[in-house]
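# Summary of structural features
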Amino acid sequence: MNIFQFFSETCEKYPDKTCLKFKKGEAYDGITYSELFRRACELRSELLKARVKPGQRVAILLSNSVNWPVAFFAAVSIQAVAVPIDTQLSPKEMRSILLHSATKMLLTEDKFGVALGAVFTWDTGIKLRFLDRLDVVPSEGGFEDVLRLGAFGTHKLAALFYTSGTTQEHKAVMLTHKNLLSNFNSIEELKIIQSDDCLVSLLPLHHTYPFMVTCLAPFLKGASVCYFSSMAHHELFSCIKENNVTIFVGVPQLFTLIERSVADRLKKYGSAFRWSTDRLLDVCVGLSAVSGRNVCKLFLQGLHNVFGPTLRFMVSGGAKLDPNVARSFTRWGFKIIEGYGLTETSPVVAFNNANTGKFDSVGRALPGVDISIVNSGSDGIGEIAVRGDNVMLGYYRARSLTKQVFLKDWFLTGDMGFKDKAGYLHITGRQNELIVLSSGKKVNPEAVEAE
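What counts as what
Sequence order sets the numbering: in each chain, residues are counted from 1 along the sequence as written. Reporting of local features is limited, given that this is a predicted model, to residues whose pLDDT is at least 70; pairs of side-chain atoms are given and counted only at 80 or more, and all residues count toward the totals for whole chains, interfaces and linings. Note: side-chain values were computed over all heavy atoms of the structure, leaving out hydrogens and water. Cysteine sulfur atoms are paired as a disulfide whenever they come within 2.5 Å of each other. Partly exposed describes any residue whose relative accessible area lies between the buried limit of under 20% and the exposed limit of over 50%, with all areas from a 1.4 Å probe on protein chains only and scaled to the type maximum. Strand pairing follows a simple DSSP-based rule, namely that at least 2 bridges must link the two strands. Runs of E in the DSSP output that reach at least two residues are strands. Runs of H or I that reach at least four are helices, and both are numbered from the N terminus. Note on contacts: a residue pair is in contact if any heavy atoms of the two residues lie within 4.5 Å. Every angle, taken between N-to-C directions, lies between 0 and 180 degrees, and every axis is a line fitted to C-alpha atoms, over only the stretch in contact when it is a helix. Gly falls in the polar group here, along with every residue not listed as nonpolar (Ala, Val, Leu, Ile, Met, Phe, Trp, Tyr, Cys, Pro) or charged (Asp, Glu, Lys, Arg). The criterion for an aromatic pair is that two Phe, Tyr or Trp rings (for Trp, the six-membered ring) have centres within 6.5 Å, with stacked assigned to planes under 30 degrees apart, edge-to-face to planes over 60 apart and tilted to the rest. In this scheme, Lys NZ or Arg CZ marks a charge over a ring once it lies within 6 Å of the ring centre and within 35 degrees of the ring normal. Nitrogen and oxygen atoms within 3.5 Å of one another constitute a polar contact, given that in protein one can donate a hydrogen and the other can accept it, and given that sequence-neighbouring residues count only through two side-chain atoms. Put simply, a nonpolar core is a bunch of buried Ala, Val, Leu, Ile, Met, Phe, Trp, Tyr and Cys residues held in one set by side-chain atoms that sit within 4.5 Å of each other. When a carboxyl oxygen of Asp or Glu lies within 4 Å of a side-chain nitrogen of Lys or Arg, that pair is called a salt bridge.

As enumerated under the stated definition, the model contains zero disulfides in all. Here Cys 11 stays unpaired: no disulfide links it, and the sulfur of Cys 19, its closest cysteine neighbor, is 6.9 Å away. Take Cys 284: it sits in no disulfide, and the sulfur closest to it among the cysteines is that of Cys 296, at 5.1 Å. Overall, the relative accessible area of 8% leaves Cys 284 in the buried class.

Strand order in the open sheet formed by nine strands is β2-β1-β10-β9-β11-β12-β13-β14-β15, and the pairing between neighbours is mixed. Either end of the sheet is taken by a strand with one partner, and the two such strands are β2 (27-32) and β15 (364-365). Sheet analysis places strand β14 (residues 348-352) next to β15, joined by two bridges and oriented antiparallel. Bridge pairing in β15 links Phe 351 to Arg 364. Of the strands in this sheet, β11 (247-250), β12 (313-316) and β13 (336-341) are in contact with helix α10 (residues 252-267), which crosses β11 at around 110°.

A word on unusual backbone geometry. One can expect most non-glycine residues to show negative phi and most peptide bonds to be in trans. Note the cis peptide between Ser 346 and Pro 347, where omega equals -5°. Secondary-structure assignment places Pro 347 in the loop between β13 and β14. One non-glycine residue, Arg 51, adopts positive backbone phi at about 65°. On the secondary structure map, Arg 51 appears in the loop between α2 (33-49) and β3 (57-61). A positive phi angle, close to 55°, is found at Lys 191, a residue other than glycine. Looking at the secondary structure, you find Lys 191 in the loop between α7 (177-189) and β9 (198-201).

One can describe the packing of helix α1 (residues 3-13) onto α2 by two numbers: an axis separation of 9 Å at closest approach and a directional angle of 145°. For the pair α1 and α2, the contacting residues are Phe 4, Phe 7, Ser 8, Thr 10 and Cys 11 in the first and Tyr 33, Leu 36, Phe 37 and Cys 41 in the second. Per-class residue counts for the contact of α1 with α2 are seven nonpolar, two polar and no charged.

Here Ser 195 lies in the loop between α7 and β9. On the basis of relative accessible area, Ser 195 is assigned to the partly exposed category, the value being 21%. Between the C-alpha atom of Ser 195 and that of Thr 208, which follows or precedes it by 13 residues, the distance is 21 Å. If near-sequence neighbours (up to four positions away) are discounted, Ser 195 is found in contact with Tyr 14, Lys 17, Lys 221, Gly 222 and Ala 223.

What follows deals with the packing of aromatic side chains. Here the structure, examined in full by the defined rule, presents 20 aromatic pairs. Ring plane angle 20° and centroid distance 6.5 Å describe the contact between Trp 68 and Phe 72, whose orientation is recorded as stacked. Taken as a pair, Trp 68 and Phe 72 lie in helix α3 (residues 67-77) at a separation of four residues, close to a single helical turn. Across the pair, exposure class does not vary: Trp 68 and Phe 72 are buried alike. Centre to centre, the rings of Phe 329 and Phe 334 are 6.0 Å apart; their planes meet at 65°, and the pair counts as edge-to-face. Judged by relative accessible area, Phe 329 falls into the buried class, the value being 1%. Within the aromatic cluster, the residues linked to one another by ring pairs are Phe 4, Phe 7, Phe 37, Trp 68, Phe 72, Phe 73, Phe 161 and Phe 211. The positively charged end of Lys 17 is found above the aromatic ring belonging to Tyr 14, 5.1 Å away from the centroid.

Below, the discussion takes up helix α14 (residues 323-331). Among the residues of α14, those classed as buried are Pro 323, Val 325, Ala 326, Ser 328 and Phe 329. Close packing links the buried residues of α14 with α10, β12 and β13. For α14, the N-terminal cap is Asp 322; the gap from its side-chain oxygen to the backbone nitrogen of Asn 324 is 2.9 Å. Gly 333 occupies a position one or two residues after α14 and carries a positive phi of about 95°.

This next bit is on the nonpolar core. One finds Phe 72 and Phe 248 to be the most contacted residues of the largest nonpolar core, which totals 117 residues. Not counting residues within four places of it along the chain, the set of residues in contact with Phe 72 comprises Ile 3, Ile 60, Ala 82, Phe 211 and Leu 216. Among the nonpolar cores identified, the runner-up in size contains 20 residues, and Ile 85, Met 94, Ile 97 and Ile 126 belong to it.

The element β14 is largely enclosed, with a buried count of five among its five residues. Relative to β14, β13 runs antiparallel, the two sharing four bridges. Within the sheet, the bridge partner assigned to Gly 341 lies in β14 and is Val 348.

Attention now moves to the pattern of salt bridges. Enumeration according to the criterion identifies 13 salt bridges in this entry. Lys 23 is the salt-bridge partner of Glu 235, the closest N and O atoms lying 3.2 Å from each other. Of this pair, Glu 235 sits in helix α9 (residues 233-242) while Lys 23 is found in strand β1 (residues 18-24), placing the two residues 212 residues apart along the sequence. Looking at Glu 235, the relative accessible area reads 10%, which means it is buried. The salt bridge involving Asp 389 is made with Lys 178; its shortest N-O contact spans 3.9 Å.

What follows is the structure, encoded as structure tokens:
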């Protein structure tokens, strides 16, 4: 079963359920799974009218909105290859990616099309569709015969994800339907996302981490996703509370800023207050461990009210989370799990549940994913290698670069680390960033920065 078929089955299972929420005026509006499916089918028809063929590239240059998943599912439904593009790139960089990927159709918005027009003469055969102009009205009637619409194998290429926007060296990661569905199935097996969950979409969807966790996985599972219109913190917390968000997905920088904000507020109350608060938290942590109840949440009810009563847990990914930040959130009664992965691995490789208490680890390998440490030293530290159905086909139009990152069927991540006796993965740095001293000793610059 390919991605579109999987998505179609979910839409048929939850036709009247709200899958996407977005702010319209002063309140949040939403569309159902049946509406999202119909919009994708309408756009699919537009792509077919424009004679986009299987295997051809359909670029997605859109901000986070309803149109983003519509564009993706429409593209993969006709066996086209989706090419998500960073909206923060310069027009020159966007143009370079469009040409490098041999894009045939660009799905975008007016504001990006105007910017591209200054550096692009549309004589290359690339066709444009402005989705904010396209009148895609949900049609009447039931579901179409989706097996007829999208019956093709999972070995087909689904997307090209660019890990670099420079014109010097493109790294376009080729991910198949099998790669992406394999990663979804691994997340599904761990029961991380439930059909009654609501996630807030904060990170741009051209990255595989937010694409998988706040787009593909929720829409294949039958969950809901909420978009909000600004980056203001009050808007974010308002979105979380108004929409009963249960999973908050972010990056380490965001969690560090929140932790620092809470710490700065505590400083205003003086050292005596902070000392007594710490001691009370010590007691709460101990009571929580013994009773199995979240006593810390009861003690810090005011802080938890900021995130609303329905929040189940937080997810951090995209970079290494400071263990001290993870400890703080856990100490405050929040559940925060850290993920590790790369674009080349579709992307998630490991997840760490905060209940384990291994704050300096990124967790164990996902089901169906193998992790090995190669060329390790006496300290057990070596390069992290990954194997599984989630590993990419290779880099597009970069055969030599692809060969460099594979050791037989193992993908060499370039990250350094080790596995402890319990199988938990620990990241120590990047291989190409190590400082080699005259003595031959290798120093991780992250350790120096931390000091």
